[in-house]
Amino acid sequence: MIKESFDATTGKTYPAYGFSNRDEYRNLQPKEASKILYGIKANLDLNSQMHSILYSKVYSGLLNFLIPESVAKTKLMSTRRGAKMSPEEKNKRLLPHELTTILLDEIMNLKQKPTGNSNQIVVEQINKRMTKDKFSALEMGIYRVQTLENDFISKRQNRGLGRRLVFTTKARG
């Protein structure tokens, strides 16, 4: 992604993107490239931190998942509009639910593994043939959002703004 690419099928040229946090790419990526990529180099401590953040978001109810594919398909087919859809339209409409089902299957295939360190969380796959790509992508995405939120809150507090809640009421007249 750090180099401009050309799709011969569509004839479209895609711009290069750069890393905002990885110095080792500074000389490899074009200087004019938008610095929108954020590289995560995982290690035991960072993995544990990402697991912890994800679990806290899920268990606190701050992260919700789509309904499973089977439920979505039943609901879709019970509507007139869904019954009239072509197979391609149905597949396109149900794809997010299918991917959610795969993600949930990946999560169900994980178990916490005990470590010698009480503050570390390690997960391992029960069935090694099943991937955990979607779980890892979700976890890294949630981690990145959390770090951006923390940076934003920290900057506001450093400027003396803090977290201000404003409540208003509308007067009825």
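Up top you'll find the structure we're talking about.
Residues numbered from 1 in each chain as written. Predicted model: local features only at pLDDT ≥ 70, side-chain atom pairs only at ≥ 80, totals over all residues. Heavy atoms only, no water.

### Re the overall build of the protein chain
Here is step 1: When you go through the protein chain residue by residue, the secondary structure sums to 5 helices and 6 strands.
Here is step 2: In the protein chain, the order of α-helices and β-strands from amino to carboxyl end is β-β-β-β-α-α-α-α-β-β-α.
Here is step 3: Taking 173 residues into account, the globule formula puts the C-alpha radius of gyration at 16 Å, and the protein chain, at 22 Å, lies well above it.
Here is step 4: When its C-alpha atoms are laid out on the principal axes, the protein chain stretches across 60 × 55 × 55 Å.
Here is step 5: Going through the 173 residues of the protein chain one by one, you find that 23% of them count as buried.
Here is step 6: A sequence separation of at least 24 residues applies to 42% of the contacts in the protein chain between residues at least 6 apart.
Here is step 7: Within the structure as shown, the protein chain displays about 13,600 Å² of accessible surface, and the carbon and sulfur contribution to it stands at 53%.
Here is step 8: Between the centroid of the 30 positive side chains of the protein chain and the centroid of its 17 negative side chains there is a distance of 8 Å. (Helix = DSSP H or I, 4+ residues; strand = E, 2+ residues; numbered from the N terminus. Rg over C-alpha atoms; globule rule 2.2 N^0.38 Å. Buried < 20%, exposed > 50% of the residue type's maximum accessible area, 1.4 Å probe, protein only. Contact = heavy atoms within 4.5 Å. Areas by Shrake-Rupley, 256 points an atom, 1.4 Å probe, with all protein chains shown as cover. Lys, Arg positive; Asp, Glu negative; His and termini not counted. Charge placed at Lys NZ, Arg CZ, Asp CG, Glu CD.)

### Notes on the packing of helix α1 (residues 44-59) against helix α5 (residues 133-158)
Here is step 1: Contact geometry of α1 with α5 gives a least axis separation of 9 Å together with a crossing angle of 85 degrees. As the angle between them shows, α1 and α5 are arranged roughly perpendicular. Residue-level inspection shows L46, Q49, M50, H51, I53, L54 and K57 of α1 in contact with α5, the latter providing F135, L138, E139, M140, I142, Y143, Q146 and E149.
Here is step 2: For the contact of α1 with α5, the class distribution of residues is 9 nonpolar, 3 polar and 3 charged. (Axes fitted to C-alpha atoms, helices over the stretch in contact; angles between N-to-C directions. Parallel < 35°, antiparallel > 145°, perpendicular 65-115°, else oblique. Nonpolar A, V, L, I, M, F, W, Y, C, P; charged D, E, K, R; others polar.)

### As for helix α4 (residues 87-108)
Here is step 1: If you check α4, its first and last C-alpha atoms are 29 Å apart, about what 22 residues at 1.5 Å a residue would give, namely 32 Å.
Here is step 2: Of all the bends in α4, the greatest reaches close to 45 degrees and is centred on L95; the proline P96 follows between one and four positions later. (Expected span 1.5 Å × (residues − 1). Bend = angle between axes of the 7 residues up to and from the residue.)

### Thoughts on the side chain of H51
Here is step 1: Note on placement: H51 falls in helix α1.
Here is step 2: For H51, the residues in contact, after removing those within four places along its chain, are I121, V122, V123, F135 and E139.

### Some thoughts on the environment of E124
Here is step 1: Within the secondary structure, E124 sits in strand β6 (residues 122-125).
Here is step 2: C-alpha separation for the pair E124 and K113, spaced 11 residues apart in sequence, amounts to 6.4 Å.
Here is step 3: Beyond its immediate stretch of four places on either side in the chain, E124 contacts N109, L110, K111 and K113.

### Brief notes about the side chain of Q146
Here is step 1: Positionally, Q146 belongs in helix α5.
Here is step 2: The exposure class assigned to Q146 is buried, which follows from its relative accessible area of 14%.
Here is step 3: Excluding anything up to four places from it in sequence, Q146 contacts I53 and K57.

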